[in-house]
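# Tertiary structure, described
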Amino acid sequence: SAPHAPELEEDESIVLLSLDNKPFEQWVEGFDEGTIFTVQPKIDGCSLAVRYEDGVLVAASKRCGSDVLGVARKGIPATINEPGVFEVHGELHGWDENSQKRSAKALNASGTTSGLHFTAYRVVDATGQELATLQHLRGLGFDVPDTLTCSDPRDVRSLHAEWILGRVFDRFPTDGIVVKVLEHSLQRELGQSTGAKPCPHWALAMKHYA
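Structural notes, computed from the coordinates.

With 23 residues, the main nonpolar core has I76, F118, L137 and F142 as its most contacted residues. Those residues in contact with F142 that lie beyond four places of it in its chain are Y52, I76, P77, I80, V88, F118, A120 and L137. F31, V156, W163 and I177 belong to the second largest nonpolar core, which has 20 residues in total.

This is the structure we're talking about:
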């Protein structure tokens with residue numbers, strides 16, 4: 001499930017997490033055997049955090065913190081069936097190798113996001129686990145990334161090799177895969193780094209060189 005995040009009512013800042021890209025073996029050795037992970041495409045676009053209040057879209061921000069609500073609202077649901085404060089993180093992207101540049105250019109202009117698409121991948125302070133959260137987002141009208149689960153790190157490695165060969169996640173423009181801990185309770189326990197660009201300890205980006 002994916003409840004709203006009431007603490008955001010006191011903190012109006014929108015913070016998008018960055019992804020660490022340390023070696024996979026170094027990252028995964030910190031988890032107990034049998035830990036379940038999700039594997040998703042690392043979509044090559046422009047990261048956005050969008051906030052709803054009582055179901056109405058009220059804010060959209062890029063990673064740098066700049067407000068892009070005026071442009072972003074053209075490609076993101078204006079209303080959803082969700083009470084309270086509800087923050088969604090996702091990626092605005094195109095469908096070719098220049099999607100990241102196209103997405104950023106569109107959001108830096110006063111023009112249109114025509115031809116771009118928003119894929120949501122996170123709800124701030126969600127409870128339960130990743131698959132349920134994605135199902136909830138889909139029910140609210142968002143597109144969500146294709147998601148696979150693994151309990152064996154060797155399977156994650158195999159999926160990374162399949163991605164390099166273009167055999168998985170091929171409906172998205174990607175520059176890697178993202179590995180996450182399935183359970184939100186474990187995500188909260190693991191926490192995130194501090195600093196200007198906080199990284200979750202429960203997620204990892206794997207690119208060509210990972």
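Here C150 lies in strand β6 (residues 148–150). The class of C150 is buried, set by a relative accessible area of 6%. For the pair C150 and I36, spaced 114 residues apart in the sequence, the C-alpha separation amounts to 5.7 Å. Here C150 is in contact with T35, I36, F37, V39, D155, V156 and L159, once residues within four sequence places are set aside.

Glancing now at the packing of aromatic side chains. Going through the model one piece at a time under the given rule, you end up with 6 aromatic pairs. Geometrically, the ring pair formed by F24 and W27 is tilted, given 6.2 Å between the ring centres and 35° between the ring planes. Here the residue F24 and the residue W27 both occupy positions in helix α1 (residues 24–28), the gap between them amounting to 3 residues, near one helical turn. For the pair shown, F24 and W27 are each scored as buried. One aromatic cluster in this structure is built from F24, W27, F31 and F37.

A few words now on helix α5 (residues 153–164). In an α-helix there are 3.6 residues to a turn, and that puts residues three or four apart on one side. Look at α5: 17 Å from first C-alpha to last across 12 residues, which is about the 16 Å you get at 1.5 Å a residue. Elements that come into contact with the buried residues of α5 comprise α1, β1 (37–43), β6, β7 (174–181) and β8 (203–206). Phi turns positive one or two residues past the end of α5, at G166, with a value near 75°.

All chains considered together, the criterion is met by 9 salt bridges. With a shortest N-O distance of 3.9 Å, K22 and D20 are connected by a salt bridge. Overall, K22 belongs to the partly exposed group, its relative accessible area being 29%. Taking the shortest distance from any N to any O, the salt bridge between R167 and E162 comes out at 3.3 Å. R167 sits in the exposed class, given a relative accessible area of 56%. Among the charged side chains, a network of salt bridges with common partners joins D143, D146 and R171.

Moving on to the sheet that holds β6. Strand pairing within a sheet occurs via backbone hydrogen bonds; the two strands may be parallel or antiparallel. If you walk across this open sheet you meet the 4 strands as β6-β1-β7-β8, and the pairing is antiparallel. The sheet terminates laterally at β6 and β8, the two strands that pair on one side only. Strand after strand, the sheet turns through a mean of 30° between neighbouring axes, direction not considered. When β1 meets β7, the two strands line up antiparallel, connected through 6 bridges. Each bridged residue has a counterpart across the sheet, and for I43 the counterpart in β7 is T174. The strands touched by helix α4 (residues 130–139) within the sheet are β1, β6 and β7, with β1 carrying the most contacts at an inclination of about 50°. Each of β1, β6, β7 and β8 touches α5; the most contacted strand, β7, lies at about 165° to it.

Glancing now at the pairing of β1. Counted residue by residue, β1 has 7 buried out of 7 residues, so it is predominantly covered. Where β1 lies against β6, 3 bridges are found, and the strand directions are antiparallel. In the sheet register, F37 faces β6, and the bridge partner there is C150.

Moving on, we get to α4. When we look at burial in α4, the residues that qualify are E130, T133, L134 and L137. All buried residues of α4 project into a common sector of 100° when viewed along the axis, lining one side. α4 presents Q135 and G139 as exposed residues on the side facing more than 90 degrees away from its buried surface. Against β1, β4 (85–93), β5 (117–123), β7 and α6 (184–190) lie the buried residues of α4. The backbone nitrogen of L131 has a side-chain oxygen 2.6 Å away, supplied by the residue at the start of α4, namely Q129. A positive phi of about 105° marks G141, the residue just after α4.

Conventions and cut-offs
- Residues numbered from 1 in each chain as written.
- Predicted model: local features only at pLDDT ≥ 70, side-chain atom pairs only at ≥ 80, totals over all residues.
- Heavy atoms only, no water.
- Core = buried A, V, L, I, M, F, W, Y, C linked by side-chain atoms within 4.5 Å.
- Buried < 20%, exposed > 50% of the residue type's maximum accessible area, 1.4 Å probe, protein only.
- Contact = heavy atoms within 4.5 Å.
- Helix = DSSP H or I, 4+ residues; strand = E, 2+ residues; numbered from the N terminus.
- Phe/Tyr/Trp six-rings, centres within 6.5 Å; stacked < 30°, edge-to-face > 60°.
- Expected span 1.5 Å × (residues − 1).
- Salt bridge = Lys/Arg side-chain N within 4 Å of Asp/Glu carboxyl O.
- Pairing = 2+ DSSP bridges.
- Axes fitted to C-alpha atoms, helices over the stretch in contact; angles between N-to-C directions.
- Arc of directions from axis to C-beta.
- Polar contact = N/O pair within 3.5 Å; in protein donor to acceptor, adjacent residues only side chain to side chain.

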